[in-house]
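Breakdown of the fold
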Amino acid sequence: MSAFEITRDGPIAHLRLSRPEASNALDLSFWRDFGPALKALDATGEVRALVISGGGRNFCAGMDISVFSGGAILQTDTPADRQAFHQAARELQDTLSWVEKVRFPVIAAVQGACVGAGLDLVSACDLRLAAAGAYFRIEEINIGMMADVGSLQRLPHVLPEAVVRELAYLGTSLTADRAERLGFVNAVLPDPEALLAAALEMAQAVAAKAPLAISGSKAAVTYARDHTVAEGLEWAAVMQGSIWNTADVLAAIQARATRQPAEFAALAPLRGIAEAGE
C-alpha cells in the first residue's frame, strides 16, 4: 500500500499517509486500498480507535492527478460517458464513507495543508486535531469544479452554513485557530509532534471505554445527524436493547471504584458472506 502505511499498538491503529514528496495527494493506490484496509481493521473486532495522520509537511494536498490519467474518467460527451462518470464519483464517495461505517472512532491529526479530497477525508472523521499553522480549503472551486466527494455534504453538520458557503464559493482557507473556535477541530497543538502525541492519547482514552458502547455511540450520533430527533430517539432505544451488556457496565463501575483500568471484551470479528460457508 504505497499511499499509506498502517501500524497497530494493541487496540490502537495508526494509518499514516506516506507520500510526503507529493504532500500526500491521494493517488489511485489510495482509492483502491483505503476502503478494504479499514474494512479489514474493523473485521478483527480488536481495533478500538484509529488515528489518521500525514507524513511530511502537509496532511494532504487533495486528489492526485494520476486518478484522472488518460482522461477517461473525465469524459462526459455521451450519456454512457456521463453514467460512467457518475459511477466513478460514487466509488470515490463510498471509499471515504468507510470512515463512518467502521465500528471504531477515527481521529484525524492534521498538519499543514488539508485541501480538496483531504478535507473530504477529515470531514468524515469522528474527531479532528490540528497543528498550529494547519489550514483547510475546498480547493475544487479554485480549479473550476464543484466539490463532490463529501465536504459539501458533511461540513454543514459541523460548521455554520455561512462558513461552509464562504469556503465553497470563495475557495479561501479555514485556519486551524478559526476551525477550533467554530468547533470543527477539537484542539490545536503547537507542532506536529505534539499533534500526533495528542491524537494517540485521545485514541487510548477511547480504547479504554467499553467497545460496544463506543460503537453504539458512534452509530447513534451518525444516525441522529441524518434524521429527526424523534427518529433518532427510537433508533437509540432499539440499539441500546441490542448492545446492552451488563458485564461491561459492572466492569466500568468496578474500575471507577478501584481506580483500575476496566477489562472489556473485544467486538465480535466480522465475517463476510463469502467466508460464512467456510
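Residues numbered from 1 in each chain as written. Predicted model: local features only at pLDDT ≥ 70, side-chain atom pairs only at ≥ 80, totals over all residues. Heavy atoms only, no water.

This part covers the overall build of the chain. Broken down by element type, the chain carries 11 helices and nine strands. Its C-alpha radius of gyration of 20 Å places the chain within 12% of the 19 Å reference for a compact globule of 278 residues. Here the C-alpha coordinates of the chain stretch approximately 60 × 50 × 40 Å along the principal axes. Within the chain, contacts between residues separated by at least 24 positions form 70% of all contacts whose residues are at least 6 apart in sequence. Entry remark: accessible area of the chain is about 14,300 Å², with carbon and sulfur atoms responsible for 57%. Across the chain, the 23 positively charged side chains and the 32 negatively charged ones have centroids separated by 3 Å. (Helix = DSSP H or I, 4+ residues; strand = E, 2+ residues; numbered from the N terminus. Rg over C-alpha atoms; globule rule 2.2 N^0.38 Å. Contact = heavy atoms within 4.5 Å. Areas by Shrake-Rupley, 256 points an atom, 1.4 Å probe, with all protein chains shown as cover. Lys, Arg positive; Asp, Glu negative; His and termini not counted. Charge placed at Lys NZ, Arg CZ, Asp CG, Glu CD.)

So, about the side chain of His14. In this fold, His14 is placed in strand 2 (residues 12–17). For His14, the side chain forms a polar contact with the side chain of Ser53, separated by 2.6 Å. The contacts of His14, once residues within four sequence positions are left out, are Glu5, Ile6, Thr7, Leu50, Val51, Ser53 and Leu196. (Polar contact = N/O pair within 3.5 Å; in protein donor to acceptor, adjacent residues only side chain to side chain.)

Here we come to empty space enclosed by the protein. If you walk through the whole model with that rule in mind, you get one cavity of 30 Å³ or more. Empty space within the largest cavity amounts to approximately 60 Å³. In terms of lining residues, the largest cavity is bounded by Val47, Arg48, Arg103, Phe104, Pro105, Val206, Ala207, Lys209, Pro211, Ile214, Ser215 and Leu267. Listed by contribution, the elements that provide at least two residues to the lining of the largest cavity are helix 7 (192–207) and helix 8 (211–225). (1 Å grid on protein atoms, 1.4 Å probe; cavity = no way out; pocket = protein on both sides within 12 Å on 5 of 7 lines; lining within 4 Å. Points joined across faces, edges and corners; volume = space filled by probe spheres on them.)

Here Arg82 lies in helix 2 (residues 79–101). Classification of Arg82 by relative accessible area gives partly exposed; the value is 43%. If near-sequence neighbours (up to four positions away) are discounted, Arg82 is found in contact with Gln75, Thr76 and Asp77. (Buried < 20%, exposed > 50% of the residue type's maximum accessible area, 1.4 Å probe, protein only.)

Moving on, we come to the pattern of salt bridges. One pass over the full model with this rule turns up 13 salt bridges. Residue Arg32 pairs with Asp33 through a salt bridge whose shortest N-O separation is 3.2 Å. Judged by its relative accessible area of 15%, Asp33 falls in the buried class. Residues Arg225 and Asp226 are paired through a salt bridge, measuring 3.0 Å at the closest nitrogen-oxygen approach. By relative accessible area, which is 29% here, Arg225 ends up partly exposed. Via salt bridges that share partners, Glu100, Arg154, Arg225 and Asp226 belong to a single interconnected network. (Salt bridge = Lys/Arg side-chain N within 4 Å of Asp/Glu carboxyl O.)

All right, on to the nonpolar core then. Core analysis: the largest hydrophobic core is formed by 50 residues, its most contacted members being Phe34, Phe136 and Phe184. Elements with a minimum of two residues in this core: strand 2, helix 1 (28–44), strand 3 (49–54), helix 2, strand 4 (106–110), helix 3 (117–123), helix 5 (161–170) and helix 6 (176–181). If one sorts the elements of this core by residue count, helix 1 sits on top with six residues. Discounting residues that sit within four places of it in the chain, Phe184 has contacts with Leu119, Val122, Arg128, Phe136, Leu155, Val158, Leu159, Leu174 and Ala179. Among the nonpolar cores identified, the runner-up in size contains 14 residues, and Ile12, Leu129, Leu189 and Val206 belong to it. (Core = buried A, V, L, I, M, F, W, Y, C linked by side-chain atoms within 4.5 Å.)

Strand order in the open sheet formed by three strands is 5-7-8, and the pairing between neighbours is mixed. Taken across any chain shown, the strands that pair with only one partner, and hence form the sheet edges, are strand 5 (113–115) and strand 8 (173–175). The average angle at which neighbouring strand axes cross in this sheet is 25 degrees, direction not considered. With three bridges joining them, strand 5 and strand 7 (residues 135–137) adopt parallel strand pairing. Looking across to strand 7, one finds that Ala113 is bridged to Tyr135. (Pairing = 2+ DSSP bridges. Axes fitted to C-alpha atoms, helices over the stretch in contact; angles between N-to-C directions.)

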